Amino acid sequence: MMTVKEVAAFLGVHSDTIYDLVRDQEIPHFRIRRRILFLPEVIENWIQERGN
């Protein structure tokens, strides 16, 4: 699992950008209580889909 900060670093964007994507339901994520988490393989697939 990856955190917002880890996904931001991985994508080379600011963490605020990730929060915006989460708020707009544009990036696959899930929540455990208040934590926003991401599965690395799902993020990889999301990147590939957006590149096409």
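Just so it is clear, the model here is predicted, and its values are computed rather than measured.

Quick word on the nonpolar core
Next, step 1: Counting residues in each nonpolar core, the largest one holds 12 residues, listed as M2, V4, V7, A8, I18, L21, V22, I27, I36, F38, I43 and W46.
Next, step 2: Those elements that provide at least two residues to this core are α1 (4–11), α2 (15–23) and α3 (40–51).
Next, step 3: With residues near it in sequence (within four places) discarded, V22 still touches I27, H29, R31, I36 and F38.

What to know about the pattern of salt bridges
Where side chains of opposite charge bring their charged atoms close, a pairing between them can arise.
Next, step 1: Tallied over the entire structure, the rule returns 2 salt bridges.
Next, step 2: Across the pair R23 and D20 runs a salt bridge whose closest N-O atoms are separated by 3.1 Å. With R23 and D20 both in helix α2 and 3 residues apart, the pair spans about one turn of that helix.
Next, step 3: Across the salt bridge formed by D24 and R23, the nearest N and O atoms sit 3.4 Å from each other.
Next, step 4: A residue is classified by how much of its surface remains accessible, and D24, at 40% relative accessible area, is partly exposed.

About the thresholds
All residue numbers refer to position in the chain's written sequence, counted from 1. Residues qualify for local features only when their pLDDT is at least 70, as the model is predicted, and side-chain atom pairs are given and counted only at 80 or more; totals for whole chains, interfaces and linings, by contrast, use all residues. To get the side-chain values, all heavy atoms of the structure are used, and hydrogens and water are removed first. Grouping buried Ala, Val, Leu, Ile, Met, Phe, Trp, Tyr and Cys residues that are joined through side-chain atoms within 4.5 Å yields what is termed a nonpolar core. For every residue, the accessible area (1.4 Å probe, protein chains only) is compared with the maximum for its type, and the residue is labelled buried under 20%, exposed over 50%, or partly exposed between those bounds. For helices the rule is a DSSP run of H or I covering at least 4 residues; for strands it is a run of E covering at least 2, with both sets numbered from the N terminus onward. Pairs of residues are marked as contacts when any of their non-hydrogen atoms sit within 4.5 Å. In the sections that follow, a salt bridge refers to a side-chain nitrogen of Lys or Arg positioned within 4 Å of a carboxyl oxygen of Asp or Glu.

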